[in-house]
Every structure is written in C-alpha cells, then in structure tokens.
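# Breakdown of the fold
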Amino acid sequence: MKILVVMTAKATLHLLDGEQHPSGFWAEEFVVPYTLFTAAGHTVDVATVGGQAPTVDLTSIDPANLRYVRPQGSPDEDEANAAEYVRVIENTPQLKHPIAVESLGEKDIAGYDGIYVSGGHGAIGDLPKSDELAQVLRWAIAQDKPLATVCHGHTALLALRDGEGRWPFEGYRMTAFSHDEELVTNMAGRLPLILEAELTRLGARYEKAEEIWDSHVVVDRRLTTGQNPYSSKALAETFLQELAKG
C-alpha cells in the first residue's frame, strides 16, 4: 500500500500577542506512525504546503520537555524516545525533499491507499490556509480514501466544505488536542484557535480521554482521529487496520 503523509512546513507560529513562537511538526506524531507504516511494508510519501522541508519542533525531541509534559514516564524512556525520534528524522529522505501539495492532482490521490495528517502546533499556521490541501482532501473523500489525523493535524480539515457549503465531517465522532491540554502549554491564551472549540462549532461530536495526555483514538466511517502525541501509536495501528479493509 501507498500512504501520503501531510505535514506542516511552518517553523514558527504567529501568536495573538504578536510573538513568532518556534514551532514545527511534533516528532512523535511523525516518527511513530511512519515507523509502523513502513514496518508493515507500506510506501510512504511526505507532502507539505509549498514542498518546503518540514522543521521539527525542538521541544518534541527534548527529553526534559517530554518528562515535563508527561511526568508519569521514566527519564530513561524519554531519553531513548527522543534519540529514536532524532535518528528517524535524520534518516528519512522524504523529509528533506517532500512533495509540494500544490503539485498533487486527482489522479495522484487515486494512487494512494490513504492519507495521514501529522500534527504539531505549526500546523495551525499553514494547513487550514491551503486551498490546494483542501482540494486534495476533497478528492480523497470523493474517492472514499481512509483519512487519519492526530493532534493539530485536524486543522487541515477546518476549511473543507462540500458542494452545498457544509462541512463534510458534520456529525462525525472525533477527537483532537483538547482545550485542557492547550491550557498547560506555554502558549495558553495566545493561540489563534482552539481545536476542540473549532471542531465542535463545525458540528463534530467531540470526545477526549478522561485524563489529559492519555491516548485516545476515535474511528467514524473513513475518518480516524487521535487526540494528542501519545495517541500516535494507537492511531497508526488503527489506521493500518482501516487500510486493510480496503
């Protein structure tokens, strides 16, 4: 099978107070699914807006930050995970020369078995603003392709509308990075949007884990969603199951 992974190309995020905050893609949200996809024998292409090489959010490869966010983990595990994320990122050629979303056509999308949208706060800055990405996702929906998004990758869905101007995922059960989780980041109160609020406003039946940072995955029809970085493994495993259904 062939999977298209869509990622943010933004290295910073413009906050409400005017700060250009260092950002990018979240390492775990790319590395864990990519590793599982390729281990299952699938070909993986990476695409970004403009074909720019994506930038990893440095906090996502900092063991101290991983420990701060989820203190129930172990320091040794955080060190090992961060080292593995760096190793995979440095050795994945698709990240150095991604496909430009703008170059993808309807026939190109037909050649993929599914599309996965990775996250990171940087996604807020470019994914919902790309008309070309919205068109790629419309083609995928029309072709009944399985879609998966995690954390802030859901921003790619926000601008989608069908021929009647309605959001195509209205009424879907889904999860995404929660407002409670946003409140414990260092950007609380300064973000241009809160995903939980935006998805609910558009008509999603939003769900989340009982505790922040817990893994939570929801499948509704052809859409698989994951709540946060720690949902990446379960999301990828579930998405592979959905792909196997054809």
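Reference entry: report on the structure contained in this document. (Residues numbered from 1 in each chain as written. Predicted model: local features only at pLDDT ≥ 70, side-chain atom pairs only at ≥ 80, totals over all residues. Heavy atoms only, no water.)

### Quick notes on the overall build of the protein
Scanning the protein for helices and strands turns up 10 helices and 11 strands. For 246 residues, the compact-globule formula gives about 18 Å, and the C-alpha radius of gyration of the protein, at 17 Å, lands near that figure. In terms of its C-alpha atoms, the protein occupies a principal-axis envelope of roughly 45 × 40 × 35 Å. Per-residue burial over the protein gives 53% buried out of 246 residues. In the protein, of all internal contacts separated by at least 6 residues, the share reaching a separation of at least 24 is 74%. Total accessible area computed for the protein in this model is approximately 10,600 Å², and 51% of it derives from carbon and sulfur atoms. With 21 positive and 36 negative side-chain charges, the protein shows a separation of 5 Å between the mean positions of the two kinds. (Helix = DSSP H or I, 4+ residues; strand = E, 2+ residues; numbered from the N terminus. Rg over C-alpha atoms; globule rule 2.2 N^0.38 Å. Buried < 20%, exposed > 50% of the residue type's maximum accessible area, 1.4 Å probe, protein only. Contact = heavy atoms within 4.5 Å. Areas by Shrake-Rupley, 256 points an atom, 1.4 Å probe, with all protein chains shown as cover. Lys, Arg positive; Asp, Glu negative; His and termini not counted. Charge placed at Lys NZ, Arg CZ, Asp CG, Glu CD.)

### Observations concerning the packing of aromatic side chains
This model, assessed by the stated rule, comprises eight aromatic pairs. Centre to centre, the rings of F37 and Y116 are 5.9 Å apart; their planes meet at 85°, and the pair counts as edge-to-face. Pair noted here: F37 is in helix α1 (residues 27-39) and Y116 is in strand β6 (residues 114-117), with a separation of 79 residues, a long-range link. Here F37 matches Y116 in class, with each residue buried. Ring geometry for W167 and F169: centres 5.8 Å apart, planes at 75°, overall edge-to-face. The pair W167 / F169 is uniform in exposure class, with both members buried. Through successive ring pairs, a cluster of aromatic residues spans F25, F30 and Y34. One residue, K2, lies across the ring of Y112, its end atom 4.9 Å from the ring centre. Over the ring of Y172 we find R221, and its NZ or CZ is 3.7 Å from the ring centre. (Phe/Tyr/Trp six-rings, centres within 6.5 Å; stacked < 30°, edge-to-face > 60°. Lys NZ or Arg CZ within 6 Å of the ring centre and 35° of its normal.)

### Things to note about the nonpolar core
Judged by nonpolar contacts, the single largest core of 40 residues is most densely connected at I115, W167 and F169. For this core, the secondary-structure elements that each account for two or more residues are β1 (2-7), β6, α6 (123-126), α7 (131-142) and α9 (195-202). With six residues, the top contributor of residues to this core is α7. When residues no more than four places from it in sequence are discounted, the contact partners of W167 are L157, L158, L160, R161, M174, L199, L202, G203 and A204. (Core = buried A, V, L, I, M, F, W, Y, C linked by side-chain atoms within 4.5 Å.)

### Remarks on the pairing of strand β11 (residues 223-226)
Regular strands place their side chains on alternate faces of the sheet. A two-sided burial pattern is seen for β11, the buried positions comprising L223 and T225 on one face and T224 and G226 on the other. Relative to β11, strand β7 (residues 147-150) runs parallel, the two sharing four bridges. Following the sheet pairing, V150 is matched in β11 by G226. Both strand β10 (residues 217-220) and β11 contribute to a ladder of four bridges, which runs antiparallel. Considered in β11, the bridge of V218 is made with T225. Where β10 hands over to β11, the hairpin turn is made up of two residues, of which R221 adopts a positive phi near 55°. (Pairing = 2+ DSSP bridges.)

### A look at unusual backbone geometry
In the Ramachandran plot, D144 falls in the positive-phi region, its phi being about 60° despite a non-glycine side chain. Despite not being glycine, W213 shows a phi value in the positive range, around 75°. Classification of W213 as buried rests on a relative accessible area of 10%.

### Considering the environment of V136
Inspection of the secondary structure assignment puts V136 in helix α7. With a relative accessible area of 1%, V136 lands in the buried category. Distance in space between the C-alpha atoms of V136 and G226 is 21 Å, their sequence separation being 90 residues.

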